[in-house]
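The residues making up each chain are set out below.
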Amino acid sequence: MALEDGDDIAVGAALGVACGLVFCLFNFAYAWLSPIIGGILPGLASILYPLWYFSGTLAVIILRKPGAAVYVNLVGSAAEMLLGNQFSFGFVSAVLQGVFAELPLTRYRVFNLPISMTSGALVALAYGVYLMLFRYQGVSFLSPRGVIHMISELVGGVLIAGVMSWYLYRAIAATGALDRFASGRARRDDADRRG
């Protein structure tokens, strides 16, 4: 059940490129939003970071195969790099985020809002720690800025990477674009049971 079907690869690539475009656009928005939010409370801008890693959770929900989050994150990161970004390009970060997005899955059989939220929270935790170790080395985990950063990261991870990804998947599935995939059929079955 690994990501090997041609349709999965094509949809994953398209999703990755679309997410890479979102990452690129967010890079510009973040450049002016971060100083404003950080001026309110240092570390609070971390609540926006999930806009750079929601792609892993969304990929898992849509493709429902092992490796989907890693694949989409790598394609998204490559697209972001090709479009141009002011931040460093990192395959390691993309892979790490993809792995953590897939951790809460129960053998790729249960896909619901709580699983999506848990996925977002785990990616947030991993990315928050990654930033503390490799970007914010001068900030202690237990300092006010470190604590606010980690809490903001987790809240953003749950709300943006988790909840937003879930409702984005549902909106895409409602168009019929995912009818050939298990995620689209599951959404249609849920709608049939309710209606």
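## Remarks on helix α5 (residues 113-134)
- With 22 residues, α5 should cover 32 Å at 1.5 Å per step; its first-to-last C-alpha distance of 31 Å lies within 8% of that length.
- Those residues of α5 lying buried are I115, S116, S119, G120, V123, A124, A126, Y127, G128, L131 and M132.
- Along its buried surface, α5 packs onto α2 (54-63), α4 (91-102) and α6 (144-174).
- Between the side-chain oxygen at the start of α5 and the backbone nitrogen of I115 there is a gap of 2.9 Å, and the oxygen is on N112.

## Section: unusual backbone geometry
- Positive phi, normally seen in glycine, also occurs at R64, with a value near 55°.
- If you trace the backbone, R64 turns up in the loop between α2 and α3 (68-83).
- Assessed through its relative accessible area of 11%, R64 is described here as buried.

## Observations concerning the environment of V139
- Turning to its location among the elements, V139 is positioned in the loop between α5 and α6.
- With 103 residues separating them along the chain, V139 and I36 place their C-alpha atoms 20 Å apart.
- For V139, the residues in contact, after removing those within four places along its chain, are M132, R145 and G146.

## Some points on the nonpolar core
- Core analysis: the largest hydrophobic core is formed by 39 residues, its most contacted members being L15, Y30, Y49, Y53, I62 and Y169.
- Looking at this core, the elements that each hand over two or more residues are α1 (6-40), α2, α3, α5 and α6.
- Here the element with the most residues in this core is α2; it accounts for seven residues.

## A few points about the environment of S165
- Relative to the helices and strands, S165 resides in helix α6.
- Overall, the relative accessible area of 0% leaves S165 in the buried class.
- C-alpha of S165 to C-alpha of S116: the two residues are 49 residues apart in sequence and 7.5 Å apart in space.
- Those residues within four positions of S165 in sequence are excluded, and the remaining contacts are F54, T57, L58, I61, S116 and I160.

Reading the values: the criteria
Sequence order as written defines residue numbering, which begins from 1 separately in each chain. Totals for whole chains, interfaces and linings use all residues, but because this is a predicted model, local features are given only for residues with pLDDT of at least 70 and pairs of side-chain atoms are given and counted only at 80 or more. As a rule here, side-chain values cover all heavy atoms of the structure and leave hydrogens and water aside. A run of DSSP states H or I qualifies as a helix once it reaches four residues; a run of E qualifies as a strand once it reaches two. Both are numbered from the N-terminal end. In this analysis, the expected span of each helix is defined as 1.5 Å times one less than the number of residues it contains. The buried label goes to any residue with under 20% of its type's maximum accessible area, the exposed label to any with over 50%, and the partly exposed label to all in between, with areas taken from a 1.4 Å probe on protein chains only. Contact criterion: two residues are considered in contact whenever any of their non-hydrogen atoms come within 4.5 Å of each other. Counted as a polar contact is a pair of N or O atoms within 3.5 Å, where, for protein atoms, one must be capable of donating a hydrogen and the other of accepting one, and residues adjacent in sequence contribute only when both atoms are in side chains. We call a set of buried residues a nonpolar core when its members are Ala, Val, Leu, Ile, Met, Phe, Trp, Tyr or Cys and they connect through side-chain atoms within 4.5 Å of each other.

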